[in-house]
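One-letter residues, chain by chain:
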Amino acid sequence: MPMKPKTKLVKVLLTNIMIAFAISLVASYIAIGQAGVPAEAVAPATIFSTLKNFPMAYVISFFIGMFIPCEQWGFGFATGTCHLSPADGLKFGAALNLVVNTVYVAVNSVILTYVNACVFNGAPLAAFPAAWASSIIQCWIVGFVVSLFWAPACEKWARQICSDPAPDMH
């Protein structure tokens, strides 16, 4: 939806809190679970890993939200390919989010998997595809659900904070 640049900035900053947290948490849990960590150490290791990954995911998501026109692509997909309009509510939001979430999760997953597996843990580059494949679907599902319900609220809050009324899209 069209908005002032300041509103977009606030929306991106708010939206990415939960998306980055959810993706970081799921990816960390999967990685810890596959690493053979003893059951009593899974929770502390997951928390530590999430705290390490969240800032990276938040920064990556910020750049995606500000510089990749994935919302425009999603809007085009929802209105053009799916023949929906904003008046269709959740169906429209799900179609738009299908594209937006795919971009967010794909970029985050590639970067975070490489950094975690290859840089932090010293895995060879040949291990990257398997590490990436082991978490992309779960991260995509979590990202889709979280952003489907979180992003509209964040847009509403951003518009209130910036006094930028939503355009009439009906």
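Predicted model, so just to flag it, every value in this text is computed and none were measured.

## With respect to the environment of glutamine 160
By the secondary structure assignment, glutamine 160 is in helix H6 (residues 136-162). Once the C-alpha coordinates of glutamine 160 and threonine 7 are considered, the two residues, 153 residues apart in sequence, prove to be 8.9 Å apart.

## So, the nonpolar core
Membership of the largest hydrophobic core comes to 16 residues, with the highest contact counts inside it found for Ile23, Ile64, Cys70, Tyr104, Val105 and Cys139. Not counting residues within four places of it along the chain, the set of residues in contact with cysteine 70 comprises Ile64, Val99, Val100, Val103 and Tyr104.

## A look at unusual backbone geometry
Residues other than glycine seldom take positive phi values, yet histidine 83 does so here, at roughly 55 degrees. With respect to the element layout, histidine 83 can be found in the loop between helix H3 (70-81) and helix H4 (90-120). When its relative accessible area of 67% is taken as the criterion, histidine 83 is described as exposed. Of note, the phi angle at serine 163 is positive, near 50 degrees, even though the residue is not glycine. By relative accessible area, which is 58% here, serine 163 ends up exposed.

## Regarding the pattern of salt bridges
Across all of its chains, the model carries four salt bridges by this definition. In this structure, lysine 11 and glutamate 155 form a salt bridge, with 3.6 Å as the shortest nitrogen-oxygen distance. Remark: glutamate 155 occurs in helix H6 and lysine 11 occurs in helix H1 (residues 5-34); sequence separation between them is 144 residues. Across this residue pair, the class does not change: lysine 11 and glutamate 155 are buried.

## Things to note about the state of the cysteines
For the coordinates displayed, the defined rule picks out zero disulfides. We note that cysteine 154 lacks a disulfide partner, and the nearest cysteine sulfur, in cysteine 162, lies 12 Å from it.

## Remarks on the confidence of the model for the protein
Summarising the model, the protein shows a mean pLDDT of 92, and 98% of its residues fall at 70 or more. At the low end of the mean pLDDT range in the protein sits helix H5 (residues 128-133), at 91; at the high end sits H3, at 96.

## Some details on the layout of surface pockets
Taken as a whole, the second largest pocket spans an internal volume of roughly 510 Å³. As for the second largest pocket, its lining consists of 25 residues, of which Ala27, Ala31, Asn116, Ala117 and Asn121 are closest to the centre. Those elements that provide at least two residues to the lining of the second largest pocket are H1, helix H2 (39-67) and H4. Top element by residues in the lining of the second largest pocket is H1. It accounts for seven residues. Its residues assigned to classes, the lining of the second largest pocket shows 14 nonpolar, 10 polar and one charged.

## Let's talk about a nonpolar patch on the surface
Residues Leu90, Ile137, Ile141, Val145 and Phe149 make up a contiguous nonpolar surface patch of roughly 510 Å² in combined accessible area. With four residues, H6 is the single largest residue contributor to the nonpolar patch. Within the element layout of this structure, leucine 90 appears in helix H4.

## Section: H2
Its 29 residues give H2 an end-to-end C-alpha distance of 41 Å, which sits within 8% of 42 Å, the value for a rise of 1.5 Å per residue. Of all the bends in H2, the largest measures some 30 degrees and sits at asparagine 53, one to four residues before the proline proline 55. Residues of H2 that are buried: Val42, Thr46, Ser49, Thr50, Asn53, Ala57, Ile60, Ser61, Ile64 and Gly65. If you follow the buried residues of H2, they end up packed against H1, H3 and H4.

Cut-offs applied
- Residues numbered from 1 in each chain as written.
- Predicted model: local features only at pLDDT ≥ 70, side-chain atom pairs only at ≥ 80, totals over all residues.
- Heavy atoms only, no water.
- Helix = DSSP H or I, 4+ residues; strand = E, 2+ residues; numbered from the N terminus.
- Core = buried A, V, L, I, M, F, W, Y, C linked by side-chain atoms within 4.5 Å.
- Buried < 20%, exposed > 50% of the residue type's maximum accessible area, 1.4 Å probe, protein only.
- Contact = heavy atoms within 4.5 Å.
- Salt bridge = Lys/Arg side-chain N within 4 Å of Asp/Glu carboxyl O.
- Disulfide = S-S within 2.5 Å.
- pLDDT = per-residue confidence, 0-100.
- 1 Å grid on protein atoms, 1.4 Å probe; cavity = no way out; pocket = protein on both sides within 12 Å on 5 of 7 lines; lining within 4 Å.
- Points joined across faces, edges and corners; volume = space filled by probe spheres on them.
- Nonpolar A, V, L, I, M, F, W, Y, C, P; charged D, E, K, R; others polar.
- Patch = residues over 30% accessible without salt bridge, like charges linked within 9 Å, V, L, I, M, F, W, Y side chains within 5 Å.
- Areas by Shrake-Rupley, 256 points an atom, 1.4 Å probe, with all protein chains shown as cover.
- Expected span 1.5 Å × (residues − 1).
- Bend = angle between axes of the 7 residues up to and from the residue.

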